[in-house]
Structures are given as C-alpha cells and as structure tokens.
Amino acid sequence: MVYIPPTVPLTAFPVYQNGTSTPEDVSNFTNTTSNPQPLEPAKCFEPLIMEINNTGVRVWDVVLLVPNVLFLLFLIIRFPKAKVKLKNTNSPIFRAFYILVVIVAVISVCRCVVSMTVNATVILGIMTDKILWIVLRFFLLGTEMSVVVFGLLFGHLDSRSSIKRVLLVTSLIALLYSVTQGVLEFILPDSRFQLEDENYSLFGHGGMIFWFTSSCLFSLVYVGICVLPFTPLKERFQLPAKKSFYVYCVALAVLNLTQATGSMLLYYTIWNGLCVVDATTLAYFTCFAPLVYWTFLSEFFGDPRPSSSLSFSYKAQEDEPDDLHHLPQSYSHSSKLPDPSAINYSYDDTQIDGSGSPDVVVSKTNTGALERWQYISS
C-alpha cells in the first residue's frame, strides 16, 4: 500500500502552483488565494512523494536505494580480489578509479538511507534532503570529470602527482557547480517542485534553466570527445583506443541530451517533461558508478594475471623525479629486442677515468642466444 502525505491534496494529485484554473477546480480546495494558481496533475510527480504504508519512507528513495545497495554489495564481495590486484599493479590510476567508484557507491547509499529517516514535510527534513542531494552531486560530478580526464590522458597521468592535480582541479569545478546549485536551490527554488503546501518541497536540481544549461554543456563535451577520432586531431594527439571509453561517453551524452530536453519541457510547463527528468535522474544516480566500473575496471580485474596494466592510450609518461619510485618502466607495444649482431662490442671491459680509478665496470653475461650487458657504477 502506498500512502500519500496529507499535505498533498487528494482531489488533484499532485498540485502545482502555476497556470490557470477553472472555478470548479478552485472550489475543490480551501487554501486558495485571490489569484488562483493552476491545478495541473502530473503522474510522474507521484513516485517522488508517495510513502510506503504511512512510514514516511518515500518510494523514490527506495527505488534509488536498491540498485546502489546491490552494487555496493558487489564491491564488498569482490574487495579481497580487488585488493590483491591493486596491490600487485604499479599503476596508481587504477587505484584512483576504484576509490572514486567506492566513494560514489557509499555516498549514494548514505543519501538514500538518511533521506528515508528524515521527515520531508518539515523544514529541517527538506533542508537535509536537499543538502544530501547536493553533496552526492558534488561527488558524482567530480568523479565524472576525473574519469574522463584519466581516460583521455591515461598514458600521461600514470603518476601520483599528476593524478592528485587532476583530482584537485575537477574537485574545484565540481564544488563551484554544487555551490551554484545550492544557492539556486535554497535562494531561488523552482516552484515546479513546490507543492501547494509550502512545507512540502522537493529537490529541484537548481531549477530548470540551470539544469538545462549544465546538461547541454556536458552533452557537448561528450559529443566532442566521441567525434575526436574522426577529426584530423587524431593524427596529432594519441586518443584512447578502447571502444568501451567511447561507449561511456556516448551513454552520458545521450543522458544529458535527454535531461536537457526534459528540463526544457518542464520549464514551459509541459508536464510530460517531468517524466523525462525522473527517468534520467534514476538512470544517472543508479547506473553511473556501475558504468564507470565496467568501462575502466572490469577488464583490469578480469585479467587472470596477477599484475597487469591496461591502458586507453599508449604514450608513456616521463615522470617527475619525486614519482620515479612509484612507477613501473613503460614499454611500447611495438618495442623489439635489439639485434645482437648490431651491438658494437669495440670498447674495453673496464674503463678508467683520468684519475686512474675504475669509473664504470661493464660485465657481460651470456643468456641464451643473447648477451646481456650490465653497467655498474663504481
């Protein structure tokens, strides 16, 4: 049984504050004003506010919670193997991917659980719910931008210092986005997410204009990434080679384009747009973390070898001096062993500098058909 909170009029479920209304509609409500507002039903608003068995737990939070809990359980079950795999690899970028995915999964579950325990019909509960949404969006956006940069510049960022710089920049951008969204949400809330009872207000994602603008911007970024392999830039820059990376970008481009369409429809009071933004919100907040895991980590963890290094671009990075001890030596896929016949052996076994003391000792070791030469500094 689904319970509709008493703050929502039952004769027209739910009720918005914009449009025009007829005298018959106005007569059904007692809390009208001298300038009656429209009574526009929207079926897609129903899952956002329905409660289960009068418990205060909203259906929307449960729908968001279940997939996130399942994915978090998957990470917990796979953690022992993932720990061994990450310990055996010398590439810190896979650790960064895994940590970001775990953080997003944990924050998503915590948001749902806390939202289910607060009363969304009182001021404190409304503020708590909105703050949790903003915090979750901060982590999701920071992760989203970070993994795109990691994917595009994989071969150039395989060091701790470069990864930290990327995380710092993307976190600052995500913070700016979240602060702007929070200001709009609390100072200029969208009336479309405000029920007739002012004490029942849902998270409006910063308003439809903000949502539409940001979604268009993100979709342009992802579309631009997808068309890079078909431009002359592919001859000048080393682009990601994995098809899964472009599948990831296409998925987010489609999601953001759909989200922009729904938010614009809702801005012009076309209420079917609410169904669109509900679907995109559900998809993004439940499928983003599994999508990142599948794109960047599934092949890495699925490799049976104890230590492997999978890449999306194949240019080795010349690391900074303070990071040299963290990185493995990188090899190109086209590298070949030197031809023994091409090696010049015309130098002496021991070289003496001007002081008369040995400076460098060259030792020769036979290893099968090849000879390995070791340079040992004195």
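Quick caveat, the model's predicted, so the values are computed rather than measured.

### Things to note about helix α10 (residues 272-296)
Its 25 residues place the ends of α10 35 Å apart at the C-alpha level, agreeing with the 36 Å of an ideal helix rising 1.5 Å per residue. Taking the largest bend as the criterion, α10 deviates by roughly 50°, centred on C287, and proline P290 comes between one and four positions later.

### Considering the confidence of the model for the protein chain
Across the protein chain, the average pLDDT comes to 74, with 66% of residues at or above 70. Element-level pLDDT for the protein chain is lowest in strand β1 (residues 2-3), with a mean of 40, against a maximum mean of 94 in helix α7 (residues 208-227). Within the model, the stretch residues 311-336 combines pLDDT values under 50 with 49 contacts to residues more than four positions away or in other chains. Segment residues 345-378: pLDDT under 50, and 42 contacts once partners within four positions in sequence are set aside and those in other chains are kept.

### Concerning the packing of helix α4 (residues 92-117) against helix α5 (residues 123-152)
The geometry of a pair of packed helices is captured by two quantities: the angle between their axes and the separation between those axes. In the contact formed by α4 and α5, the axes pass within 10 Å of each other and the chain directions differ by 165°. Comparing the axis directions of α4 and α5 gives the class roughly antiparallel. In the packing of α4 onto α5, the handedness of the crossing is left-handed. Contacts between α4 and α5 involve I93, A96, F97, L100, I103, V104, I107, S108, R111, V114 and S115 on the former and, on the latter, T128, D129, L132, W133, L136, F139, L140, T143, S146, V147 and F150. Classifying every residue of the contact of α4 with α5 gives 15 nonpolar, five polar and two charged.

### Points about the nonpolar core
In summary, soluble globular proteins display a tendency toward joint burial of nonpolar side chains. Core analysis: the largest hydrophobic core is formed by 68 residues, its most contacted members being F97, F150, Y222, Y248, L297 and F301. Looking at this core, the element that brings in the most residues is α4, giving eleven residues. Those residues within four positions of Y222 in sequence are excluded, and the remaining contacts are E144, V148, Y248, C249, L252, A253 and N256.

### With respect to the pattern of salt bridges
For the structure on display, the rule yields seven salt bridges. Among the ionic pairs, D129 bridges to R111, the shortest N-O distance being 3.6 Å. Of the two residues, D129 is situated in helix α5 and R111 in helix α4; the sequence distance between them amounts to 18 residues. D129 sits in the buried class, given a relative accessible area of 4%. Note on R111: relative accessible area 2%, which makes it buried. Taking the shortest distance from any N to any O, the salt bridge between K242 and E299 comes out at 3.1 Å. Pair noted here: K242 is in the loop between α8 (233-236) and α9 (243-267) and E299 is in helix α11 (residues 298-302), with a separation of 57 residues, a long-range link. Beyond isolated ion pairs, a larger network of salt bridges with shared partners links R58, D61, R111 and D129.

Thresholds, definitions, all that
- Residues numbered from 1 in each chain as written.
- Predicted model: local features only at pLDDT ≥ 70, side-chain atom pairs only at ≥ 80, totals over all residues.
- Heavy atoms only, no water.
- Helix = DSSP H or I, 4+ residues; strand = E, 2+ residues; numbered from the N terminus.
- Expected span 1.5 Å × (residues − 1).
- Bend = angle between axes of the 7 residues up to and from the residue.
- pLDDT = per-residue confidence, 0-100.
- Contact = heavy atoms within 4.5 Å.
- Axes fitted to C-alpha atoms, helices over the stretch in contact; angles between N-to-C directions.
- Parallel < 35°, antiparallel > 145°, perpendicular 65-115°, else oblique.
- Left-handed = near helix turned anticlockwise from the far one by under 90°.
- Nonpolar A, V, L, I, M, F, W, Y, C, P; charged D, E, K, R; others polar.
- Core = buried A, V, L, I, M, F, W, Y, C linked by side-chain atoms within 4.5 Å.
- Buried < 20%, exposed > 50% of the residue type's maximum accessible area, 1.4 Å probe, protein only.
- Salt bridge = Lys/Arg side-chain N within 4 Å of Asp/Glu carboxyl O.

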